[in-house]
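If you want the building blocks of each chain, they are given just below.
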Amino acid sequence: CSSVTVYGKIEDENIPISENTPLVDQTTIYGVTKYKGELAVKSLAKEFNIPLTIVRPSRIYGERDTSFIPLVRLMKKRLFFNIGSGKTFMQPVHVLDCVQGILNAINNENSFGKVYNLAGPSEINKKEFLKIISKNLGKELPKFNLPIFVVKTMAITNEVIFKPLNKNPFISRKKLAFFLRSNKYDISAAKRDLNYNPKVDVQEGIKRMIDWYKKENLA
């Protein structure tokens, strides 16, 4: 199980990324480790003649995903502001769709030796994604957008301050990447070989996630 972060920098963000896209210039340590992980398992699979299928999920979200809790809490206090234009794209995949794609790849001889993107049914820009979250919280997303250079400066400062304390910074360049990265993904190969058919759209997926937060008193 790899990740779409292995694709690194993309020249044209408007063209859906296919599995044949060159893996160059990973932009995060997570992307670098996933890329090296792919190389390692490919080498071992070849050496020991092990059938191998690699899947690259996009941003996974849904029930039990706690990574959005800090953002949700800021929204509830009306302390969250969109960063940049909000026009960058993402194609998140609901956890149940992602799991189904992985299950369909297991022991599927059509998939051996191949790589598959597992993304959601459609792309959405970041601002709309955040609006759906705020709507499910009963809040309105502020119209004011924080400039990227301001937040980047804050992120670097936070990293410097929190590193000696061995704590996660309030905001970091890694978290900022969520707002700056813009990608769409081609999932036609997974549909063809794995019978992959993601059914949970973003509206429904976020509602389920926020409902779970409320049920667990996390938001």
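This text goes with the structure placed above it.
Quantities reported herein were computed from a predicted structural model and do not represent experimental measurements. (Residues numbered from 1 in each chain as written. Predicted model: local features only at pLDDT ≥ 70, side-chain atom pairs only at ≥ 80, totals over all residues. Heavy atoms only, no water.)

Peer 1: Mind showing me how you'd approach the pattern of salt bridges here?
Peer 2: Should the charged atoms of two oppositely charged side chains come close, the side chains can pair. In this structure the tally under the stated criterion is seven salt bridges. Of the charged contacts, one joins R56 and E38 as a salt bridge, the two residues approaching to 2.8 Å between their closest N and O atoms. Of this pair, R56 sits in strand β1 (residues 54-57) while E38 sits in helix α1 (residues 29-48), placing them 18 residues apart in sequence. When sorted by exposure, R56 lands in the same class as E38, which is buried. In this structure, a network of salt bridges that share partners links the residues K114, R192 and D193. (Salt bridge = Lys/Arg side-chain N within 4 Å of Asp/Glu carboxyl O. Helix = DSSP H or I, 4+ residues; strand = E, 2+ residues; numbered from the N terminus. Buried < 20%, exposed > 50% of the residue type's maximum accessible area, 1.4 Å probe, protein only.)

Peer 1: What am I meant to see in a positive patch on the surface here?
Peer 2: A cluster of basic residues, R73, K76, K77, R78, K139 and K214, forms a positive patch on the protein surface. One can find R73 in helix α2 (residues 69-76). (Patch = residues over 30% accessible without salt bridge, like charges linked within 9 Å, V, L, I, M, F, W, Y side chains within 5 Å. Areas by Shrake-Rupley, 256 points an atom, 1.4 Å probe, with all protein chains shown as cover. Lys, Arg positive; Asp, Glu negative; His and termini not counted. Charge placed at Lys NZ, Arg CZ, Asp CG, Glu CD.)

Peer 1: It is not clear to me how the pairing of strand β6 (residues 115-118) should be interpreted in this structure. Could you clarify?
Peer 2: Looking along a regular strand, one sees the side chains alternate between the two faces of the sheet. Of the two faces of β6, the one carrying V115 and N117 and the one carrying Y116 and L118 are both buried. The sheet contact formed by β1 and β6 spans four bridges and is parallel. Each bridged residue has a counterpart across the sheet, and for V55 the counterpart in β6 is Y116. (Pairing = 2+ DSSP bridges.)

Peer 1: I'm lost on a nonpolar patch on the surface in this one. Help?
Peer 2: Taken together, the side chains of L44, F48 and I50 present a nonpolar region at the surface, about 310 Å² in accessible area. In this structure, I50 sits in the loop between α1 and β1. Classification of I50 as partly exposed rests on a relative accessible area of 48%.

Peer 1: Sorry if this is basic, but what is going on with the packing of aromatic side chains here?
Peer 2: Within the structure shown, the criterion is met by three aromatic pairs. With centroids separated by 6.1 Å and ring planes inclined at 55°, the aromatic side chains of W212 and Y213 adopt a geometry described as tilted. Residue class for Y213 comes out buried when judged on its relative accessible area of 0%. Through a chain of ring-to-ring contacts, three or more aromatic side chains come together here, namely Y61, F68 and F129. Here K184 stacks its cationic end above the ring of F89, 4.4 Å away from the centre of that ring. (Phe/Tyr/Trp six-rings, centres within 6.5 Å; stacked < 30°, edge-to-face > 60°. Lys NZ or Arg CZ within 6 Å of the ring centre and 35° of its normal.)

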